[in-house]
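The primary structure of each chain is shown beneath.
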Amino acid sequence: MLESEPRYYPAGNELALYEAAYSMRLPVMLKGPTGCGKTRFVEHMAWRLQKPLVTVSCHEDMTAADLVGRFLLGSDGTYWQDGPLTMAVRMGAICYLDEVVEARQDTIVVTHSLTDDRRMLPLEKKGEMVRAHPDFQLVISYNPGYQSILKDLKESTKQRFCALDFAYPDRALEAQIVRDEGNVSDRLARTIVEIGEKSRNLGGEGLAEGASTRILVQMARLAAAGLPLDQAAQFALIIPLTDDLDIRDALSGIVDACLPGA
């Protein structure tokens with residue numbers, strides 16, 4: 001259970017939509033670019049609804065057993081250890097599968113019986129069928145920009161979820177987030193957001209994606225810690241985003257052009 005409110009800045013009616021889905025215990029899918037606030041949104045909603053949150057970062061080696069549990073060998077013999085999904089199902093938590101398309105398809109299929117009217121989780125190796133706690137809800141997220149034919153959700157999975165589209169906030173809201181989260185002035189926050197917007201224009205021009213809101217907040221925090229903005233940009237934005245020297249030069253040019261007095 002989250003003890004304090006995770007700060008979240010609504011960009012539309014996503015709070016009301018999510019609450020409506022939760023009231024009916026419908027599963028929810030969050031779609032949007034990396035670092036735009038999907039995880040923070042789920043944390044905020046769990047706090048708002050006063051429900052425990054179980055978060056799983058999905059990856060290509062994750063198996064169904066990693067989600068539901070497995071038998072382990074202990075000093076007194078074998079025993080069953082619930083996985084994070086089973087734990088959430090039993091206790092009535094919100095289970096958040098982050099970047100779900102990174103997981104193997106046969107792993108995700110294990111959630112199907114939880115996301116329809118059955119709301120049941122089979123533990124085949126244990127021979128148990130777990131009925132979901134009335135408060136349980138499943139939430140998944142992924143970045144459509146990373147999709148490929150090999151990494152996409154099955155239609156039979158997609159059609160079980162309500163979905164919310166996320167994007168980077170508009171300029172004014174993003175500047176507010178950078179100012180508050182980074183503890184910098186309005187003017188500096190606006191400059192950082194301008195750098196972020198211009199970096200996103202390089203998306204598809206040799207850069208996979210421009211700076212996320214998360215990166216801009218990190219830049220602001222480094223500036224608040226005393227680093228000059230151009231050094232903060234090198235450290236938090238330019239070097240992490242690309243190894244291509246030409247693209248780095250282009251990003252450095254953006255930063256120089258946006259610096260106060262440029």
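The sections below set out a description of the structure shown in this document. (Residues numbered from 1 in each chain as written. Predicted model: local features only at pLDDT ≥ 70, side-chain atom pairs only at ≥ 80, totals over all residues. Heavy atoms only, no water.)

A word on the overall build of the chain
Piece 1. Of regular secondary structure, the chain possesses eleven helices and nine strands.
Piece 2. Seen along its three principal axes, the alpha-carbon backbone of the chain occupies a region of about 70 × 40 × 35 Å.
Piece 3. Out of the 262 residues belonging to the chain, those deemed buried represent 45%.
Piece 4. A separation threshold of at least 6 residues defines the contact pool for the chain, and within that pool the share at least 24 residues apart is 70%.
Piece 5. Of the roughly 13,300 Å² that the chain leaves accessible, carbon and sulfur atoms contribute 50%.
Piece 6. Both charge centroids of the chain, one from 28 positive and one from 37 negative side chains, sit 5 Å from each other. (Helix = DSSP H or I, 4+ residues; strand = E, 2+ residues; numbered from the N terminus. Buried < 20%, exposed > 50% of the residue type's maximum accessible area, 1.4 Å probe, protein only. Contact = heavy atoms within 4.5 Å. Areas by Shrake-Rupley, 256 points an atom, 1.4 Å probe, with all protein chains shown as cover. Lys, Arg positive; Asp, Glu negative; His and termini not counted. Charge placed at Lys NZ, Arg CZ, Asp CG, Glu CD.)

Considering the pattern of salt bridges
Piece 1. Tallying each qualifying case throughout the model produces 19 salt bridges.
Piece 2. Note that R25 and D135 form a salt bridge whose closest N and O atoms lie 3.2 Å from each other. Of this pair, R25 sits in the loop between α1 (14-23) and β1 (28-31) while D135 sits in the loop between β7 (128-131) and β8 (137-142), and the two are 110 residues apart along the sequence.
Piece 3. Taking the relative accessible area as the measure of exposure, R25 reaches 23% and is therefore partly exposed.
Piece 4. Of the charged contacts, one joins E155 and K158 as a salt bridge, the two residues approaching to 3.7 Å between their closest N and O atoms. (Salt bridge = Lys/Arg side-chain N within 4 Å of Asp/Glu carboxyl O.)

Comments concerning the packing of aromatic side chains
Piece 1. Evaluated as defined, the whole model comprises four aromatic pairs.
Piece 2. One aromatic cluster is present, built from ring pairs that chain together Y8, Y18, F41 and F166.
Piece 3. Over the aromatic face of Y168 sits the side chain of R200, whose NZ or CZ is 4.0 Å from the ring centroid. (Phe/Tyr/Trp six-rings, centres within 6.5 Å; stacked < 30°, edge-to-face > 60°. Lys NZ or Arg CZ within 6 Å of the ring centre and 35° of its normal.)

Structural notes on the pairing of strand β3 (residues 69-74)
Every other side chain in a regular strand lies on the same face of the sheet, so the side chains alternate between the two faces.
Piece 1. By the bridge criterion, six bridges tie β3 to strand β4 (residues 77-82) in an arrangement that is antiparallel. Looking at the pairing, F71 lines up with W80 of β4.
Piece 2. Between β3 and β4, which pair antiparallel in sequence order, lie two residues. (Pairing = 2+ DSSP bridges.)

What about the side chain of E209?
Piece 1. Relative to the helices and strands, E209 resides in the loop between α8 (186-200) and α9 (213-224).
Piece 2. Here E209 is buried and forms no salt bridge, its nearest opposite-charge partner R200 lying at an N-O distance of 8.1 Å.

Concerning the packing of helix α7 (residues 171-182) against α9
Piece 1. Look at α7 against α9: their axes get within 8 Å of each other, and the N-to-C directions meet at 45°. The pairing of α7 with α9 is recorded here as oblique in orientation. As α7 packs across α9, the resulting crossing turns out to be right-handed. Contact residues: E174, I177, V178, E181 and G182 in α7; T213, L216, V217, A220, R221 and A224 in α9.
Piece 2. Considering only residue class, the contact of α7 with α9 consists of six nonpolar, two polar and three charged. (Axes fitted to C-alpha atoms, helices over the stretch in contact; angles between N-to-C directions. Parallel < 35°, antiparallel > 145°, perpendicular 65-115°, else oblique. Left-handed = near helix turned anticlockwise from the far one by under 90°. Nonpolar A, V, L, I, M, F, W, Y, C, P; charged D, E, K, R; others polar.)

As for the side chain of R119
Piece 1. On the secondary structure map, R119 appears in the loop between α5 (105-108) and β6 (120-123).
Piece 2. For the buried R119, no salt bridge is present, and the opposite-charge side chain at shortest range is D135, 7.3 Å distant.
Piece 3. At a separation of 3.0 Å, a polar atom in the side chain of R119 contacts the main-chain carbonyl oxygen of H133.
Piece 4. What R119 contacts, discounting residues up to four positions off in sequence, is R25, S113, L114, V130, R131, A132, H133, P134 and F136. (Polar contact = N/O pair within 3.5 Å; in protein donor to acceptor, adjacent residues only side chain to side chain.)

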